[in-house]
Amino acid sequence: GENVEQHPSTLSVQEGDSAVIKCTYSDSASNYFPWYKQELGKRPQLIIDIRSNVGEKKDQRIAVTLNKTAKHFSLHITETQPEDSAVYFCAARENTGNQFYFGTGTSLTVIP
Amino acid sequence: EAEVAQSPRYKITEKSQAVAFWCDPISGHATLYWYRQILGQGPELLVQFQDESVVDDSQLPKDRFSAERLKGVDSTLKIQPAELGDSAMYLCASSLDAVEQYFGPGTRLTVT
């Protein structure tokens, strides 16, 4: 099955700086890559996603890039704000059974 | 905005007891997922339904866990008997097209 690795596990940035979280996946047939934000005690919320036929997608301060050849994808948050502090999870969806495999999460802290 | 509902939100049980969790997906969502999330880790798929049929339960410990979605709408996940290692957050998610998935608030299980 798919194996998703996520780095770093923790990340601290100053308010206004950029944050980058990286994930790699193993199954070249995976075709959909969402990112979730999970605040303490709350449900994971989908914040952005990218499909395998696209290299980059942007939504205001958040962007995701995908390199299919290298099998890695990254989340970029610009102009970080304290409310961006949360745990972020990447995931990959297998093309065969539509199962999702999650990374281990990155705890982002934005320091005011 | 429609959301996935789960109950109970919190459950404390003694080991060897039976527990059950309920999930009501967003109306019209054919795909339903149950995940287990251990503190500090990403969600791990336990079982995936397409309507009332199980698509994948390869990671479900079938000696003690069972899941059903009899009418293809709401779903129940049961553990019998519960073990200390089952303490975790149990998340339900649903999806209209097996692409974007939406999570419920989860059930925090503590086994003592």
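The notes below deal with the structure included here. (Residues numbered from 1 in each chain as written. Chains lettered and ligands numbered in written order. Predicted model: local features only at pLDDT ≥ 70, side-chain atom pairs only at ≥ 80, totals over all residues. Heavy atoms only, no water.)

1. So, the overall build of chain A
For step 1, the next point in the chain: A tally of helices and strands in chain A yields zero helices and eleven strands.
For step 2, the next point in the chain: Helices and strands appear in chain A in the N-to-C order β-β-β-β-β-β-β-β-β-β-β.
For step 3, the next point in the chain: Across its three principal axes, chain A shows a C-alpha extent of roughly 45 × 30 × 20 Å.
For step 4, the next point in the chain: For chain A, with 112 residues in total, the buried portion stands at 46%.
For step 5, the next point in the chain: In chain A, the proportion of contacts linking residues at least 24 apart, taken out of those at least 6 apart, comes to 53%.
For step 6, the next point in the chain: Counting every atom, chain A has about 5500 Å² of accessible surface; 46% of that belongs to carbon and sulfur.
For step 7, the next point in the chain: Separation of charge centres in chain A, based on 11 positive and 13 negative side chains, amounts to 5 Å. (Helix = DSSP H or I, 4+ residues; strand = E, 2+ residues; numbered from the N terminus. Buried < 20%, exposed > 50% of the residue type's maximum accessible area, 1.4 Å probe, protein only. Contact = heavy atoms within 4.5 Å. Areas by Shrake-Rupley, 256 points an atom, 1.4 Å probe, with all protein chains shown as cover. Lys, Arg positive; Asp, Glu negative; His and termini not counted. Charge placed at Lys NZ, Arg CZ, Asp CG, Glu CD.)

2. Remarks on the state of the cysteines
Residue and element names in this part refer to chain A.
For step 1, the next point in the chain: In total, this model carries two disulfides over all chains according to the counting rule given.
For step 2, the next point in the chain: A sulfur-sulfur separation of 1.9 Å characterises the disulfide bridge that pairs Cys23 with Cys90. What sets the handedness of the Cys23 and Cys90 disulfide is the S-S torsion sign, and at about -100 degrees it is left-handed. Residue Cys23 is found in strand β3 (residues 19–25), and its partner Cys90 is found in strand β9 (residues 86–93); the two are separated by 67 residues along the sequence. As far as the burial class goes, Cys23 and Cys90 line up, both buried. (Disulfide = S-S within 2.5 Å.)

3. A few points about the packing of aromatic side chains
For step 1, the next point in the chain: For the structure on display, the rule yields 13 aromatic pairs over all chains.
For step 2, the next point in the chain: Both rings, one in Tyr32(A) and one in Phe100(A), keep their centres 6.0 Å apart while their planes meet at 85 degrees; by these two values the pair is edge-to-face. Of the two residues, Tyr32(A) sits in strand β4 (residues 32–38) while Phe100(A) sits in strand β10 (residues 100–102), which places them 68 residues apart along the sequence. A single burial state applies to Tyr32(A) and to Phe100(A), both of which are buried.
For step 3, the next point in the chain: When the centroid spacing of 6.1 Å and the interplanar angle of 70 degrees are considered together, the rings of Phe102(A) and Phe103(B) count as edge-to-face. Residue Phe102(A) is found in strand β10, and its partner Phe103(B) is found in strand β10 (residues 101–103); the two belong to separate chains. The pair formed by Phe102(A) and Phe103(B) is uniform in burial state, with each residue classed as buried.
For step 4, the next point in the chain: Among the aromatic side chains, those forming a connected cluster through ring pairs are Tyr32(A), Tyr36(A), Phe100(A), Phe102(A), Tyr33(B), Tyr35(B) and Phe103(B). (Phe/Tyr/Trp six-rings, centres within 6.5 Å; stacked < 30°, edge-to-face > 60°.)

4. Quick notes on the interface of chain A and chain B
For step 1, the next point in the chain: Every contact between the two is made by 18 residues of chain A and, on the other side, 23 residues of chain B.
For step 2, the next point in the chain: Among the residues chain A hides against chain B, the three largest losses belong to Arg43(A), Phe100(A) and Phe102(A). Together they make up 35% of the total.
For step 3, the next point in the chain: Our count for the contact surface shared by chain A and chain B stands at one salt bridge.
For step 4, the next point in the chain: The salt bridge partner of Glu3(B) is Arg43(A), with a shortest N-O separation of 3.5 Å.
For step 5, the next point in the chain: Our count for the chain A to chain B interface comes out at four residue pairs in polar contact (both at pLDDT 80 or more).
For step 6, the next point in the chain: Class assignment for the residues of the side of chain A that touches chain B results in seven nonpolar, seven polar and four charged. (Buried area = accessible area lost by both parts, 1.4 Å probe. Salt bridge = Lys/Arg side-chain N within 4 Å of Asp/Glu carboxyl O. Polar contact = N/O pair within 3.5 Å; in protein donor to acceptor, adjacent residues only side chain to side chain. Nonpolar A, V, L, I, M, F, W, Y, C, P; charged D, E, K, R; others polar.)

5. Description of the pattern of salt bridges
For step 1, the next point in the chain: Counted according to the given criterion, the structure contains seven salt bridges over all chains.
For step 2, the next point in the chain: The salt bridge involving Asp84(A) is made with Arg61(A); its shortest N-O contact spans 2.9 Å. Residue Asp84(A) is found in the loop between β8 (72–77) and β9, and its partner Arg61(A) is found in the loop between β6 (56–59) and β7 (62–67); the two are separated by 23 residues along the sequence.
For step 3, the next point in the chain: Given a relative accessible area of 7%, Asp84(A) falls into the buried group.
For step 4, the next point in the chain: On the basis of relative accessibility, which here comes to 22%, the residue Arg61(A) falls in the partly exposed class.
For step 5, the next point in the chain: Between Asp57(B) and Lys62(B) there is a salt bridge; the shortest N-O distance is 3.7 Å.
For step 6, the next point in the chain: Asp57(B) sits in the partly exposed class, given a relative accessible area of 26%.
For step 7, the next point in the chain: Connected through shared salt-bridge partners, Arg64(B), Glu83(B) and Asp86(B) make up one network.

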